[in-house]
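# Summary of structural features
Listed below are the residues making up each chain.
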Amino acid sequence: MGTERTSLLIADIGGYTEYMGSHRMTLAHAEVNTARMLESIVRAATGFELVEIEGDAAFLSRRAAARDPDTALTDILRLAVVMHRAFHLEREYVVQNLCPCGGCRQARNLTLKFVAHVGDVATQRVGGRSKLVGIDVILVHRLLKNSVGIPEYVLLTEDLCRTDMASLPESAGELAPDLEGIGTIHAYVVDVADLDDLPPAPPVPTLRSRFGSTFSAVGRGLPYMLGTRKPRRTR
């Protein structure tokens, strides 16, 4: 089983555990609304393949082609902005629907953060599905548990930044997380707001679109309310 140099990116929805409520209606709509936001993130991830939806996060990858100059860092920073915009636009549609339940009204509390790395990974077939394996896959997932104090950010490993240090934003802060089983690594963190100074104002939804969004939440949430579908698990 050979390895390939691969860019790894995880887009993780923050506040998901607090967002999920115990009332069946709230739980059903929270699950549906989170799924809609994850779908919007994945659609915006042009050039990257979805490896897996992992609870409240999307794990994506792209084979790192031999390029001069290497654009992996620039591409990931650009993509983070696009995915961040798509997430917030979908979140706004959820908030603006006409359902009064907590799963719809409290969606505005959700945030989006990213962790990114480049390393050598192998592809393993398990039960007819492809799965990425290797220490670098473990590393990027361990980075989700960190001490970054801002809600929306891009956390970049030194290995990724070293491919093109000139493209690292001046506002990037340095940190040295100690990862279980791996040890201390060097990384950089950038506030998403520093990458996207002027995000477009979300369009004002029409009454028709608000009704459509409401009925979508009701229809897609029905299997969760009836217990025929189970909510995703967080890591």
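For the structure given in this document, a descriptive report is provided here.

What counts, and where the lines are drawn
Residues numbered from 1 in each chain as written. Predicted model: local features only at pLDDT ≥ 70, side-chain atom pairs only at ≥ 80, totals over all residues. Heavy atoms only, no water. Helix = DSSP H or I, 4+ residues; strand = E, 2+ residues; numbered from the N terminus. Buried < 20%, exposed > 50% of the residue type's maximum accessible area, 1.4 Å probe, protein only. Contact = heavy atoms within 4.5 Å. Areas by Shrake-Rupley, 256 points an atom, 1.4 Å probe, with all protein chains shown as cover. Core = buried A, V, L, I, M, F, W, Y, C linked by side-chain atoms within 4.5 Å. Salt bridge = Lys/Arg side-chain N within 4 Å of Asp/Glu carboxyl O. Polar contact = N/O pair within 3.5 Å; in protein donor to acceptor, adjacent residues only side chain to side chain. Pairing = 2+ DSSP bridges.

So, about the overall build of the protein chain. Looking only at helices and strands, the protein chain has 8 helices and 10 strands in total. Every one of the 235 residues in the protein chain was classed for burial, and the buried ones make up 47%. Long-range pairs, those at least 24 residues apart, make up 73% of the contacts in the protein chain with a sequence separation of at least 6. Total accessible area on the protein chain is roughly 12,000 Å²; 53% of this is exposed by carbon and sulfur atoms.

Another aspect to go through is the nonpolar core. Of all hydrophobic cores here, the largest spans 39 residues; its most connected members are Leu9, Ile13, Ile41, Met83, Phe114, Leu156 and Leu160. For this core, the elements supplying multiple residues, two or more each, are β1 (3-14), α2 (24-44), β3 (57-63), α3 (72-95), β4 (111-126), β6 (153-157), α6 (158-161) and β10 (187-191). Residue contacts for Ile41: discarding those within four places in its chain leaves Ala11, Ile13, Met83, Phe87 and Leu112. Counting residues in each nonpolar core, the second largest holds 21 residues, with Ala57, Leu144, Val148 and Tyr153 among its members.

Bringing the pattern of salt bridges into the picture now. Under the counting rule described, the total for this entry stands at 8 salt bridges. Here Arg63 ties to Glu4 by a salt bridge, and the two come within 3.3 Å at their closest N and O atoms. Remark: Glu4 occurs in strand β1 and Arg63 occurs in strand β3; sequence separation between them is 59 residues. You can call Arg63 exposed: its relative accessible area is 58%. Across the pair Asp196 and Arg85 runs a salt bridge whose closest N-O atoms are separated by 2.8 Å. Taken as a pair, Asp196 in the loop between α7 (192-195) and α8 (207-226) and Arg85 in helix α3 lie far apart in primary sequence, 111 residues in all. Judged by relative accessible area, Asp196 falls into the buried class, the value being 8%. Owing to a relative accessible area of 36%, Arg85 belongs among the partly exposed residues under this scheme. What you see here is one network of salt bridges that share partners, running through Glu158, Asp159 and Arg162.

Below, the discussion takes up the side chain of His84. As for its position among the elements, His84 is in helix α3. Ignoring sequence-local partners within four residues, the contact set of His84 consists of Leu112, Phe114, Glu152 and Val192.

Further remarks concern the environment of Pro151. Relative to the elements of secondary structure, Pro151 occurs in the loop between α5 (135-142) and β6. For the pair Pro151 and Gly14, spaced 137 residues apart in the sequence, the C-alpha separation amounts to 7.3 Å. Apart from residues no more than four positions distant in its own chain, Pro151 is found in contact with Thr111, Leu112 and Lys113.

Moving on, we get to the environment of His117. Examined against the element boundaries, His117 turns out to sit in strand β4. According to the relative accessible area criterion, His117 is buried, its value standing at 0%. In this structure His117 touches Thr6, Ser7, Leu8, Asp136, Leu139, Val140, Thr157, Asp159 and Leu160, once residues within four positions along its chain are discounted. Polar contacts involving the side chain of His117 include one to the side chain of Asp136, which spans 2.7 Å. Of the polar contacts made by the side chain of His117, one reaches the side chain of Thr157; its length is 2.7 Å.

With that settled, the discussion passes to the pairing of β10. Look at any regular strand and the pattern is simple: side chains alternate between the two faces of the sheet. Across the 5 residues of β10, 4 count as buried, placing the element largely inside the fold. In this structure, β6 lies alongside β10, joined through 5 bridges in antiparallel fashion. Across the sheet, residue Leu156 finds its bridge partner in β10, namely Tyr188. With 3 bridges joining them, strand β7 (residues 173-175) and β10 adopt antiparallel strand pairing. Residue pairing in the sheet places Gly173 in a bridge with Val189 of β10.

Judged from the 5 bridges that link them, strand β2 (residues 49-54) and β3 form a sheet pairing that is antiparallel. Pairing of Leu50 across the sheet is with Leu60, part of β3. Hairpin remark: β2 followed by β3, antiparallel, with 2 residues in the connecting loop; positive phi at Gly55, about 65°.

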